[in-house]
Amino acid sequence: MAQPVWADGAAYEAYVGRWSRLVAGDFLRWLDLPAGLRWLDVGCGTGALTATVLAEADPAYVTGVDPSAGFLGHARDRVDDPRASFEVGDARALPVTDDGVDVVVSGLALNFVPDPPRAAAEFVRVVRPGGVAAAYVWDYAEGMAMMRHFWAAAETLDPAAANLDEGRRFPLCHPDALHALWTDAGLEAVAVQPVVVPTVFADFDAYWTPFLGGQGAAPTYVASLAERDRAALRDLLSSCLPVEADGSVRLTARAWAVRGTAAR
C-alpha cells in the first residue's frame, strides 16, 4: 500500500492545514508566553503555527524547520514577516545551537518523526534553561471525526485499509504517551491539555474533495483506488456522515497539547 505523501502545501491546507490554524490559536493562548521570545517551530509544514505565533505571541523571531521543501515553499509564500525564516531540517537533528531558543513548539508533526524520543531530546537541547517545549498532535484514535468517519467507511469496504489508519499507527497521539515522552526527556512541570475545534463543511462535496488532494494517509489511500472503488467509498461516506438539514457536515477535531519547562 502506498506511503503517505507530504509535498503539496495547497492540497495539505485544504485537507487539514486549515484546521491546524484553529488549534494553533488555542494552543498559544494556553501557553500564555510573554512577547519578545525566540521561537523554533519544528515540523512547521505550511506555516500554520508559525503564522499564528507571529500574529498572537509577538516573538523576536520564529524559525520554521521542516523536511519537506514543498511545504516550506508554501510557507514562505504565505508568511510575509521579516521575523520569520524557514529552512529544511530534521526534528532528530535540529539546525540550532544548544540553548539557542526560548520556546520550541511543534504542531501536528511529532507522530511522523521516526524516533520521537530523539526529537524530544533535541527540543531539550536547543531550548534555554527555563524555556518552554510544547507540541500538539491530532487525537487520531478518537477525536478527529473527519478521519474517523473516513476510515470506518474505508475499512468496511477494504479491511486492508486499517494498515493506514492513523488511529492505529500513532500510539503517541494519546495524553499518557505525550506526558511520558516529555517527562522522559527531562522536562519539568509537564502538562497535557485537549484542544477541540469545529470542522464544518458546507456540504458533502466540501468534506470529500480534500480527500482527493493526495496529501496524507487518507488522500494517498484514495488516490491508490480504482475509480469504481473510489466511487463506492464516496457513496458509503455520503450515506454515513451526519448531514444537517441545510446540507452541512458539522464535525469536531480534538488535538492533545503537551508542554514542559527545561530544567534550570
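Our structure's up above, just so we're on the same page.
None of these values were measured; they are calculated from a predicted model. (Residues numbered from 1 in each chain as written. Predicted model: local features only at pLDDT ≥ 70, side-chain atom pairs only at ≥ 80, totals over all residues. Heavy atoms only, no water.)

1. Digging into the nonpolar core
Here comes step 1: Ranked by internal contacts, the top residues of the largest apolar core, which has 90 residues, are Met146, Phe150, Trp182 and Tyr207.
Here comes step 2: Ignoring sequence-local partners within four residues, the contact set of tryptophan 182 consists of Leu110, Ala120, Phe123, Ala133, Ala134, Ala135, Leu187, Val190, Val258, Arg259 and Gly260. (Core = buried A, V, L, I, M, F, W, Y, C linked by side-chain atoms within 4.5 Å. Buried < 20%, exposed > 50% of the residue type's maximum accessible area, 1.4 Å probe, protein only. Contact = heavy atoms within 4.5 Å.)

2. Description of the state of the cysteines
Here comes step 1: The final tally for this structure, using the stated rule, is 0 disulfides.
Here comes step 2: Left without a disulfide partner, cysteine 173 is nearest to the cysteine sulfur of cysteine 44, which lies 18 Å away. (Disulfide = S-S within 2.5 Å.)

3. Re the sheet that holds strand S1 (residues 38-42)
Here comes step 1: The strand order S3-S2-S1-S4-S5-S7-S6 describes an open sheet built from 7 strands, whose pairing is mixed. Among the strands making up the open sheet, the edge pair consists of strand S3 (84-88) and strand S6 (188-201). The average undirected angle you get between the axes of adjacent strands in this sheet is 20 degrees.
Here comes step 2: In this fold helix H3 (residues 69-78) packs onto strand S2 (61-66) and S3, with an angle of close to 165 degrees to the strand it touches most, S3.
Here comes step 3: Packing against the sheet, helix H7 (residues 175-184) makes contact with strand S5 (127-138), S6 and strand S7 (249-261), and its axis sits at approximately 25 degrees to S7. (Pairing = 2+ DSSP bridges. Helix = DSSP H or I, 4+ residues; strand = E, 2+ residues; numbered from the N terminus. Axes fitted to C-alpha atoms, helices over the stretch in contact; angles between N-to-C directions.)

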